[in-house]
Each structure stands twice: as C-alpha cells, then as structure tokens.
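Below are the chains, spelled out letter by letter.
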Amino acid sequence: MKGDRVFFHGEPGQIELVADPLVNDPETEWYVKEYGGGVMVVEPKVFGRAFLSNTEGAEDLIFVSRSAESSSARS
C-alpha cells in the first residue's frame, strides 16, 4: 500500500505509489500500460526511486510496516 515502510537492498524506504491494473488512477496509468503494474519504492540514501513490476520476485524488497495513514483508515 502507498506509504508502507520497506527495506530495499538493506536500506529503509517507503512505497510512493502502487500501480494496480484493477484501479483506474491517472497518476499510475503509464506504469500499468508499460509494465502491467507494480510499486515505486523511494529510498533516498542510495537509489532514490526504483519501480518494481514484480514485487513477488523481488528478494531485496522486505515489508516492514503499514503506514500510519493506512492503519488509521482501517479502524
């Protein structure tokens, strides 16, 4: 989910956007057309931004926690 905290190649990062083919979102439409969907990871120290189209196979992407915003939305 957008805002989730992750580790990417051992560095702390955050999910900036989720490009889901089932969601009509103008912000992520290009990523869906080009890659079929995926997530944008922001990790400012080393990588900056990286788009991953295969999150299931991304061994260097580790989920840490949900964002505070998405946790409060479920309450």
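Higher on the page you've got the structure.
Residues numbered from 1 in each chain as written. Predicted model: local features only at pLDDT ≥ 70, side-chain atom pairs only at ≥ 80, totals over all residues. Heavy atoms only, no water.

Q: Could you give an account of the sheet that holds strand β1 (residues 5-8), naming the residues involved and the relevant values?
A: The strand order across the open sheet built from five strands is β4-β3-β2-β1-β5, with neighbouring strands paired in antiparallel fashion. The sheet terminates laterally at β4 (48-52) and β5 (61-65), the two strands that pair on one side only. The average angle at which neighbouring strand axes cross in this sheet is 35 degrees, direction not considered. Sheet topology places β1 next to strand β2 (residues 11-19); four bridges connect them, and they run antiparallel. By the bridge assignment for β2, Arg5 is matched with Gln14. (Pairing = 2+ DSSP bridges. Helix = DSSP H or I, 4+ residues; strand = E, 2+ residues; numbered from the N terminus. Axes fitted to C-alpha atoms, helices over the stretch in contact; angles between N-to-C directions.)

Q: Summarise the packing of aromatic side chains; cite the residues concerned and give the values.
A: The full count for this structure, using the stated rule, is five aromatic pairs. Seen from their ring centres, Tyr31 and Phe51 are 4.6 Å apart, and the 25 degrees between their planes marks the pair as stacked. With Tyr31 in helix α1 (residues 29-35) and Phe51 in strand β4, this pair connects stretches of sequence that are 20 residues apart. For Tyr31, a relative accessible area of 19% translates into the label buried. Each ring, one from Tyr35 and one from Phe51, has its centre 5.3 Å from the other, and the planes form 40 degrees; the classification is tilted. With Tyr35 in helix α1 and Phe51 in strand β4, this residue pair connects regions lying 16 residues apart in the sequence. Judged by its relative accessible area of 46%, Tyr35 falls in the partly exposed class. Using a relative accessible area of 21% as the deciding quantity, one classes Phe51 as partly exposed. (Phe/Tyr/Trp six-rings, centres within 6.5 Å; stacked < 30°, edge-to-face > 60°. Buried < 20%, exposed > 50% of the residue type's maximum accessible area, 1.4 Å probe, protein only.)

Q: An account of the pattern of salt bridges is requested, with residue identities and associated values reported.
A: Under the defined criterion, the tally for this structure stands at four salt bridges. Lys45 is paired through a salt bridge with Glu11; the nearest N and O atoms lie 3.5 Å apart. Here Glu11 lies in strand β2 and Lys45 lies in the loop between β3 (38-43) and β4, a separation of 34 residues in the sequence. Assessed through its relative accessible area of 67%, Lys45 is described here as exposed. Since its relative accessible area comes to 19%, Glu11 is described here as buried. The partner of Lys33 in a salt bridge is Glu29, and the shortest N-O contact between them spans 3.1 Å. Taken together, the residues Lys33 and Glu29, both in helix α1 and four residues apart, mark about one turn of the helix. Overall, Lys33 belongs to the exposed group, its relative accessible area being 63%. (Salt bridge = Lys/Arg side-chain N within 4 Å of Asp/Glu carboxyl O.)

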